Protein chains: 2
Amino acid sequence: MNQHSISVLVGDGEHKVTSNADRSLHRIITEDTDTVIDAPCGGKGKCGKCKLIVESGKVSEITDQERRLLSEHELERGVRLACLTYPRGDVEVRIRENSRAHIMVSGVEYDAEVLPNVRKTHVVLEKPDLADQRDDFTRLKDALGGANYHMPLKELYQLPATLRMDNYSVTAVHDRNYIITVETGDTTGKNYGIAVDIGTTTVVAYLIDLNTGKTLDAASGLNTQKSHGQDVISRINYTLQHDGGIEHLRKRIINQINSMIWDLSENSKIAIENIYSIALAGNTTMMHLAAGLPPGNIATVPFIPVAQNRMTFLADDLGFGIPKGASAYLLPSISGYVGADIVAATLSSGLYFGDAFSLLIDIGTNGEIVLGNRDGLLCCSTAAGPAFEGATIKHGVGGITGAINSVKLEDQKITYTTITDSRPVGICGSGIVDVMALLLQCGAVDDTGRMLGKDELSENSSCDIAPYLTESDDQPAVTLVDGAQTENGEAMLLTQKDVREIQLAKASIAAGIMTLVKRSGKQIQDIDVVYLAGGFGSFIDKKSAVRIGLIPAVLEDKIQVIGNAAGTGAVLSLISEACIAECDRIAKNAEYVELSSSPEFQDEYVNNMFFPIDD
Amino acid sequence: MNQHSISVLVGDGEHKVTSNADRSLHRIITEDTDTVIDAPCGGKGKCGKCKLIVESGKVSEITDQERRLLSEHELERGVRLACLTYPRGDVEVRIRENSRAHIMVSGVEYDAEVLPNVRKTHVVLEKPDLADQRDDFTRLKDALGGANYHMPLKELYQLPATLRMDNYSVTAVHDRNYIITVETGDTTGKNYGIAVDIGTTTVVAYLIDLNTGKTLDAASGLNTQKSHGQDVISRINYTLQHDGGIEHLRKRIINQINSMIWDLSENSKIAIENIYSIALAGNTTMMHLAAGLPPGNIATVPFIPVAQNRMTFLADDLGFGIPKGASAYLLPSISGYVGADIVAATLSSGLYFGDAFSLLIDIGTNGEIVLGNRDGLLCCSTAAGPAFEGATIKHGVGGITGAINSVKLEDQKITYTTITDSRPVGICGSGIVDVMALLLQCGAVDDTGRMLGKDELSENSSCDIAPYLTESDDQPAVTLVDGAQTENGEAMLLTQKDVREIQLAKASIAAGIMTLVKRSGKQIQDIDVVYLAGGFGSFIDKKSAVRIGLIPAVLEDKIQVIGNAAGTGAVLSLISEACIAECDRIAKNAEYVELSSSPEFQDEYVNNMFFPIDD
C-alpha cells in the first residue's frame, strides 16, 4: 500500500511522518507525533474540535458531518476535522488550535503554548421564543459554557443588535472573566494584541497574532517623554515640579503608543478593531507614568511605588484607541528599581523554571541583576549611572545609527565598526567597553584607573597605543577617531574623566553581582549561565566585559546574549495566559536586595573599584 | 457583692442582664446574652476588635492597652474594649460591630444582620523603610487582611498622599473585591448608602446608615420619565421612535435620583462623599433605562431583556454624583415583566425562606404574582392594565394627595376618605375597589358587569344606592362626589365603562393567581398567607378586594399588607450582603410562567371574568 508523507505544521515547528491512507489524520498525528490535537470526543467526529487546515496535498472528500460541524467560512479556508479526514497523497496540514510557538531568544528556545488570555469563541445561540425567554446576556454566557462573565456596560448596549444581525451567530472576544466585545458572525480568524516595552530611552511595540503567537511587525522610537528628562529621576522630578506633570507624561507615552499602534495596523493591514489586548512592560517608573500613578516616592528613600502588582484596566481608561472593552495590563514590578521589564526579561530567559543557577544582567542607567533558578530568585538594582548608555561620556551616545559599537587595535591601528556602518557620530556602550579593555590591555590605564601620559606609556606598553594618546583639558585622553573623519572636524576622544565614569559604573554592577552571590550562599563559580539582556548587552564583547571587570572572569564562557528580553517577555504574556501567571509568580517570589543599605555591597563596591590586573 | 444592671444595645434590640463587677463586659455579653461580640483574640486584650460604646453608667478606667489599640477619635466617642472594661455600676453599652437590625415590614419582622457589602475598615499601616519596601497598595491590602482587592485607577492616584497625610492612619471603604476609596484617619463612623425603588410612576429613595442599618430619611417623587409615556410600553416605544431616546430617559432618571440624593444629604447633614453604594430596584424596563440598556425587545414577543442578572457598576459610570469609586448595582430581574422590584419584594416578604405556602401580589400596571415557599417559587405577570392605578378610569388618579382611597355607604349615604384628608381630586385604586364592591353589594352592577339603570335597581336592591345612580354619555354611572364639593364643579362619577375596565383587570389578576396555583399542583385553600405589596396594596380593603373577585374569598383572612416591599428589599440588600445573595437566588430559582401562551390562563381569564355572586 502506498505510503504518503504527512507534514504536520504546529506553530513554527514541523513534524514529518509517513502513513498509508487507512488512518485518519487524527490517528496519524496522535499516534506518530508528540503533538497534541484537541479532540474531547476522542476522534469520533462528534465534538468538531480537532480542526486543522490542509495547506497542500490531496485528502479525502469533505463529509456531511464536517459540513454540519464547521462553519462555511472555515470550509472556505480549508479547515477540516482531523478525525474525518484521510490522506490521499502527500499532504501538509497545519494545526491551529493549541498550537505551540517556539520563540527563539538568541539561542534560548522558549516553548510557549499559544493559549492567550484573550480568546475568540464563535457560537451560534439558540433563538429565543416564548418557551426560552433567557435574556441576551445569559443566552450568550450559556453558549460560552456558562461561566460567570462580566461585560462592560457600553458593550452590553450593542448586544441585542449584534445578536440579531446574523441570526444569533456571533463571536465573543473574552478572557476568563470578561467579555471584551461581541462581533457578528465568525471572526475568530482575527485576534491581535500589542506588546510594548517602554524603556526610559526607547519604546518598542510588537503586533502579535494571538491565534498563532507570531510577531507580525514591530515599531520602535525614542521615548517622547525624553524632553522632560533623560533618566527616571529627572522624569520623576518633572512630575514633582510641574502641576499636571504626571498627566502630561502619561499622555505623551500613551499617544506615542497609540501612534505606533496605528502604524503597525496600517503596515500590516490589520484593523485596529481587531486588537483586543495590550501588554505593557517597563521599569517601575515607566509603568507608573503609563498609568498616571504618581511616581514621586520612588525617587526618595525608602523608594516606595504606589502599586507594583499586575494591574489590568480597560484600554480605553488608559487612553488607548482600541476597542472600548479591550484590556490593557501592566506587568508586575518587584520594587521601585526592579521593574516589569526585569520580570518580563526573567520570564523570557526561562531562568526561573530551570535548575541551572543563572545570572541575568540588564544594563541601562541602572544595572538590574537577577540571580537564581527554580529554587528562588534574588534581585537588585545598581545605580550604575548612564555611562554605558553613553550619557556621561564625553563623546558617548546611545545605540543609534553611527554609534561606534566595537573597537579593536589591529596592526597598531585602532579600527572600529559603527551601527549600520554609518559615519561615526559617537561611541555607545559596547564600544566604550572595548576601548576601556584596550586601554587596560595596552597599559594606558593602570589598575587604579589612572590614564598614563604618552611618555609614561612607551616604556611599559605591551601593545602600541601610544600614537593615539593625547590630552584634553589638561587631562590624558585617547583619540578614537581623527578629526578628519568626523562630521564637525573634532576628534572623538575617551578621556580620563570618562575612564572614571566607567570605573564607577562597572564597580557598581560587579559589586551588585557579588552581593547577590554572597546572599545566595553560593560562589561565583557556581553560576551556570549568564544572560545579558537589553540593547547594550546585545552588542557587548564578552572578553572586553570581563577584561574591565564588569563581569567576573570565571563567567566569561557562560555568557548568553538574549537581546530585548523585556519585549519578548511582554509578547509571551500576550500569547500565553500561563506566562502572565509566571510573571506574577516571579514578581511575588523574587527577593529584592536593597543595595543602598547593604554593608556587603559597600565592601564589594570598594573591592571592585580597581580594574583587574592583566594576567 | 453588688449586682449591676447591664443593658446591651444591639441594633434596635436590647439585652438586659445583671452582673457583679468581677467580670469584663466581654464575659458578661458572651456568657449571659445570645449576642455575639467580635473578639478574635478570645477576649485577651490583644486584637482590639471587641469595641463597644458606653452610652451611660460608670465603668472601669481606660487601660493603657486600650489607649494603644483605640484611636483618639474612638476614645473621645466613648469607645472601649469589652474585654478590658468592667462595670462599676448600672451601665448601658452599645455594640457596634455585627449589630443586628430588626426591620418591621407591616407586621413581618425581618431580622437582618447588619453586614453590608460596603464596609469601612480603619487601619494604621506599618511605615515603610528600607527593610520594608512594600508598595503603597500592597501595604494597604496586607493591613486589610491580604485579600486580593482591586482599586479603581483614579483612586490609586490619591493613595500615596492619603496614606502619608495622617501617618498612615487610613480608613478603607471596601467590599469583598474592591477598595472603593481610602480616607485619611478613622472615618468608620460615616458609611451611608442609597436604596432606590424606581417605579414606572413613582420613585422612592432611602438614605441608609450602613453601620446601623437604619433608614435615616426617604424622598419620593413622580418618575420624571412620565412625560415620555405613562407606562412601560409607551416608554419603550419612545426609545424606539426617538434617536437618543434611551440616553434621554436614562439621564432623566439618573438626574432625578441625583437630585433626591442631594436633598437627602442636605436634610440629614450627611456628606455625599460618605455615600458609597446605591442599590436600584424596579421593573425590568426601569432597570434597563437606568443603565441605558436598550429595552426594545421587552415590548415584543418573546419579550427578551438585554440582561437581567444583578449588575454592579461604578456609580460614576452610571452618572451618579457620589464618590468616583462608589458602586451602584441593579438588583436582578426574573423576566421581561417580573423585575427586580418583585425580587426585592419577595426578599422582604421572606416568603422564599419559610415553609408557609405564600402568595405575593404587587398590583401596578401589571399585576405581578409570586407563589411558593422555600421549596420553590412560581411567578407571572398579568397584563392587568392600569385600571387600579386610576389611569383608564374616568375620574381615576394615582395615590396622590386628595385621592379618594376608601368609600362606604353609611345610613344610605356615600361617605369617603381622601389621602391627607384633602379636597377630593379623583379616585385611586383602593377607592375604586371599594366603589366596585359597593355597587355589587347593592345590586347596581350584576355578575356580568352590567350597570343597572335607576329604574331597574329600586326593585332588587338590598341597599339603597339608587339616589346616586345617574347617567354619563348615555351610559349608567354612579355619582361619588357632588359637583358642589369638587374644585371644578363637575361631579365625580364611576361609569359603566369604568366597571368594564375594573372587570378586565381583576379577571386578569385572579386568573394569574389561579394559573400559578394550578401549576404548583396545589389548591387555592393550601395558601397560608397572602402578601399585598405596593402602594395600592397598602390601602386596599381586604373585604372589597374579595367582594369584586380580585382575590379568592378563601384567602380573605390570610391577607397581610406589606407596603413598599420593593423599597424595603432594596434597603435590605444594602445593609446585608447575605440579602444580595438571596436576591440572586430568588431571581435564579423562581420559575417564570409566561401567561400569554398559557392555555390555563386563557381558561381562568374567562372563568374569572364575571363578578362573584353575593352569598
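Before reading on, note that the structure itself is shown above.
How each quantity is defined
Residues numbered from 1 in each chain as written. Chains lettered and ligands numbered in written order. Predicted model: local features only at pLDDT ≥ 70, side-chain atom pairs only at ≥ 80, totals over all residues. Heavy atoms only, no water. Least-squares fit on C-alpha atoms with pLDDT ≥ 70 in both. Contact = heavy atoms within 4.5 Å. Helix = DSSP H or I, 4+ residues; strand = E, 2+ residues; numbered from the N terminus. Pairing = 2+ DSSP bridges. Axes fitted to C-alpha atoms, helices over the stretch in contact; angles between N-to-C directions. Salt bridge = Lys/Arg side-chain N within 4 Å of Asp/Glu carboxyl O. Buried area = accessible area lost by both parts, 1.4 Å probe. Polar contact = N/O pair within 3.5 Å; in protein donor to acceptor, adjacent residues only side chain to side chain. Patch = residues over 30% accessible without salt bridge, like charges linked within 9 Å, V, L, I, M, F, W, Y side chains within 5 Å. Areas by Shrake-Rupley, 256 points an atom, 1.4 Å probe, with all protein chains shown as cover. Lys, Arg positive; Asp, Glu negative; His and termini not counted. Charge placed at Lys NZ, Arg CZ, Asp CG, Glu CD. Buried < 20%, exposed > 50% of the residue type's maximum accessible area, 1.4 Å probe, protein only.

(A) Structural detail: the relation of the copies chain B and chain A. Between the two copies, chain B and chain A, the superposition gives an RMSD of 0.5 Å; the rotation angle is 179 degrees and the shift along the axis is 0.2 Å. The relationship between the two copies is best expressed as a two-fold rotation axis. Relative to the rotation axis, the closest C-alpha in chain B is found at B:Asp317, a distance of 5.9 Å. Interface residue correspondence from chain B to chain A reaches 100%, placing this contact among same-surface, isologous pairings.

(B) Broad picture of the environment of B:Tyr592. Structurally, the position occupied by B:Tyr592 is in strand S28 (residues 591-592). Residues B:Tyr592 and B:Thr215, 377 residues apart in the sequence, show an inter-C-alpha distance of 32 Å. Residues within four places of B:Tyr592 in sequence aside, it is in contact with A:Gln133, B:Ile334, B:Ser335, B:Val338, B:Cys379, B:Cys380 and B:Ser381.

(C) Spatial organisation of the sheet that holds strand S2 (residues 13-19) of chain B. All names here are of chain B. One open sheet holds the five strands; their spatial order is S2-S1-S5-S3-S4, and the pairing between them is mixed. The sheet is open, and its two borders are formed by S2 and strand S4 (79-81), each paired with just one other strand. Across the sheet, the axes of successive neighbouring strands diverge by a mean angle of 35 degrees, strand direction being ignored. Alignment of strand S1 (residues 4-10) against strand S5 (residues 87-95), held across five bridges, turns out to be parallel. By the bridge assignment, Val8 is partnered in S5 with Val93. Across the face of the sheet, helix H1 (residues 25-32) comes into contact with S1, S2, strand S3 (51-59) and S5 while running at roughly 65 degrees to S5.

(D) Examining the pattern of salt bridges more closely. Residue and element names in this part refer to chain A. Applying the stated criterion to the full structure yields 48 salt bridges over all chains. Between Glu501 and Lys497 there is a salt bridge, with its nearest N and O atoms 3.8 Å apart. Taken together, the residues Glu501 and Lys497, both in helix H13 (residues 496-520) and four residues apart, mark about one turn of the helix. A network of salt bridges, in which partner residues are shared, links Glu126, Asp132, Arg134, Arg139 and Asp142.

(E) Looking closely at the interface of chain B and chain A. Facing the 38 residues of chain B at the interface are 38 residues of chain A. For the pair chain B and chain A, the summed buried area comes to about 3,000 Å², and 64% of that belongs to carbon and sulfur atoms. One can count zero salt bridges joining chain B with chain A. Remark: the boundary between chain B and chain A carries 14 residue pairs in polar contact (both at pLDDT 80 or more). Of all the secondary-structure elements, those providing two or more residues to the side of chain B that touches chain A are helix H4 (136-143), helix H5 (153-165) and strand S15 (311-314) of chain B. Of all the elements, H5(B) adds the most residues to the side of chain B that touches chain A, at five residues.

(F) Spotlight on the sheet that holds S28(B). All names here are of chain B. On the basis of which strands lie adjacent, the open sheet formed by six strands has the order S27-S26-S17-S18-S19-S28 and mixed pairing. One side of each edge strand has no neighbouring strand; the edge strands of this open sheet are strand S27 (559-561) and S28. Relative to S27, strand S26 (residues 529-533) runs parallel, the two being bridged by three bridges. When the sheet's bridge partners are listed, Leu532 is paired in S27 with Val561.

(G) Quick look at a negative patch on the surface. Residue and element names in this part refer to chain B. Residues Asp455, Glu471, Asp473 and Asp474 make up a contiguous surface patch of negative charge. Relative to the helices and strands, Asp455 is located in helix H12 (residues 454-460). Residue classification places Asp455 among the exposed residues on the basis of a relative accessible area of 57%.

(H) Region of the structure containing unusual backbone geometry. The amide bond that connects A:Val301 to the next residue, A:Pro302, takes the cis arrangement and shows omega of 0 degrees. Considering the arrangement of structural elements, one finds A:Pro302 in the loop between helix H8 (284-291) and strand S15 (311-314). For A:Gln412, which is not glycine, the phi torsion reads 65 degrees and is therefore positive. Within the secondary structure layout, A:Gln412 lies in the loop between strand S20 (403-410) and strand S21 (413-418). For B:Lys269, which is not glycine, the phi dihedral falls at a positive 55 degrees. Within the secondary structure, B:Lys269 sits in the loop between helix H7 (245-268) and strand S14 (275-282).

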